[in-house]
Amino acid sequence: MNTLIRIARDLSERGCISQEDFDAASEFFGREGEMRAKAQKFIGEGKFSSSDLKEKLAVTLCAADIARVRYAERGIPESIFYDTMSDIGVWTAQARRDGEGEGLSNTPWLLHHVRLELFKLGRLQFQPIKRPVILDMGCALKIARMLPKLCLNVHIPRGGKLDLSACEASLYGAPMFFEKYFRQSYSAFCCLSWLLYPGNKAFMKEKSNILAFSRLFEVIGEKKYDGDALYYIFGARKIDQKSITPLTSLQASALEYYKSGGAFGLGFGVRNAQKSRG
């Protein structure tokens, strides 16, 4: 069978991509050999250039099919493959919301998934990285002191409730996953996100899931930056404060805070992996 049709159908049936995504990729079903060759180059060289978002999607699907073989070789459960590759559907939906049309634009991010550099383990995603160097958040010395040379970078994918127990379960299981399937031990997590910005307390309810999530980490660095919070709360990195109508309680409280001169930002947090197992 045509492998592009197979992976597209499989991911669609599993809910990893939408019917709209399947239809977009179908325009390239007849060019499966070409798409697969580009996928192999994409994985190998880390580059893929195209102005056609549907072609980017087709190539990424072929790359996911190649990755599935590597999952099987390591004995990684198929359920983790599907959970990880569901991010393809997250980013095609994002492209539609951003007005880019059908297909996929953020192929650099999905490269980590198809290279087996990032995995969705429960609610959270984990990416093994070298100890980060962050110079603009006032925490460079703390990072050098608190993080080992290798750690697990935590990402919070869109979709689903930010349930504290689910996040804790992910943090608990991640080190065991990498030890089992990659024979690599990790003793610490790090996370850079607008969700960890200490200033969020000014407009969020004390019992909010976001604040509960931030308390899973020791926040050691921060900086003001509106872009990410605006994007994930309102869907745009810039908003017209006078004309926008809040649709949720979070949007309402964030807008009131922003109008009064409040600033959003980013926080950098660390967590000892043993804490997750304790």
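Use the structure listed above.
Now for a quick tour of the structure. Counting starts from 1 at the beginning of each chain's written sequence and moves along it residue by residue. pLDDT decides what is reported in this predicted model: residues at 70 or higher carry local features, side-chain atom pairs at 80 or more are listed and counted, and totals for whole chains, interfaces and linings draw on all residues regardless. Calculation of side-chain values draws on the structure's entire complement of heavy atoms; hydrogens and water are dropped beforehand.

### Re the packing of aromatic side chains
Only centres within 6.5 Å qualify two rings of Phe, Tyr or Trp (six-membered ring in Trp) as a pair; their planes then separate them into stacked at under 30 degrees, edge-to-face at over 60, and tilted for everything else. Throughout the structure, instances matching the rule amount to 20 aromatic pairs. Relative to Phe29, the ring of Phe22 has its centre 5.3 Å away and its plane inclined at 70 degrees; by these criteria the two rings are edge-to-face. Accessibility assignment for this pair places Phe22 and Phe29 in one class, buried. Chaining the aromatic ring pairs together yields one cluster made of Tyr71, Phe81, Tyr82, Phe119, Phe177, Phe178, Tyr181, Phe182 and Tyr186. For the cation-ring pair, Arg237 lies above Tyr231, with the distance from its terminal atom to the ring centre recorded as 4.6 Å. Classification of residues uses two cut-offs on accessible area relative to the type maximum, computed with a 1.4 Å probe and protein chains only: under 20% is buried, over 50% is exposed, and between them is partly exposed. The rule is short: NZ of Lys or CZ of Arg within 6 Å of the ring centre and within 35 degrees of the ring normal puts a charge over the ring.

### Here's the deal with the side chain of Arg123
Its location among the elements puts Arg123 in the loop between strand 1 (119-121) and strand 2 (124-130). When charges are counted, Lys and Arg contribute as positive and Asp and Glu as negative, whereas His and the chain ends are disregarded. One speaks of a salt bridge when a side-chain nitrogen belonging to Lys or Arg is within 4 Å of a carboxyl oxygen belonging to Asp or Glu. Of the side chains bearing the opposite charge, Asp163 lies closest to the buried Arg123, which forms no salt bridge; the N-O distance is 8.1 Å. Among the polar contacts listed, one links the side chain of Arg123 to the backbone oxygen of Lys161, at a separation of 2.9 Å. Residue contacts follow a heavy-atom distance rule, with two residues in contact if any of their heavy atoms lie within 4.5 Å. Residues contacting Arg123, with those up to four places away along its chain left out, are Ile156, Pro157, Gly159, Gly160, Lys161, Leu162, Ala166, Cys167 and Ser170. Only runs of H or I of at least four residues qualify as helices and only runs of E of at least two qualify as strands under DSSP, and these elements are numbered from the N terminus. Each polar contact in these results corresponds to two N or O atoms within 3.5 Å; when the atoms are within protein, one needs to be able to donate a hydrogen and the other to accept it, and residues that are neighboring in sequence are counted only if both atoms are side-chain atoms.

### What about unusual backbone geometry?
A positive phi is found at Leu116, a non-glycine position, where the angle reads about 60 degrees. Note that Leu116 resides in the loop between helix 6 (107-114) and strand 1. Under the relative-accessibility criterion, Leu116 is labelled buried at 8%. The backbone of Arg183 sits at a positive phi, close to 55 degrees, despite the residue not being glycine. In this structure, Arg183 sits in the loop between helix 8 (164-182) and strand 4 (188-193).

### Looking at the pairing of strand 3 (residues 150-155)
When you tally the buried positions in strand 3, you get five out of six residues, the bulk of the element. Note: strand 2 against strand 3, six bridges, orientation antiparallel. Bridge pairing links Phe126 to Val154 in strand 3. Pairing between strands is defined by DSSP: at least two bridges between them are needed. Sheet topology note: the strand 3/strand 4 ladder contains two bridges and is parallel. Considered in strand 4, the bridge of Asn153 is made with Cys190. With its strands directed away from the observer, a crossover is right-handed exactly when the path from the first strand over the helix to the second travels clockwise. The parallel pair strand 3 and strand 4 is bridged by helix 8, and the resulting crossover is right-handed.

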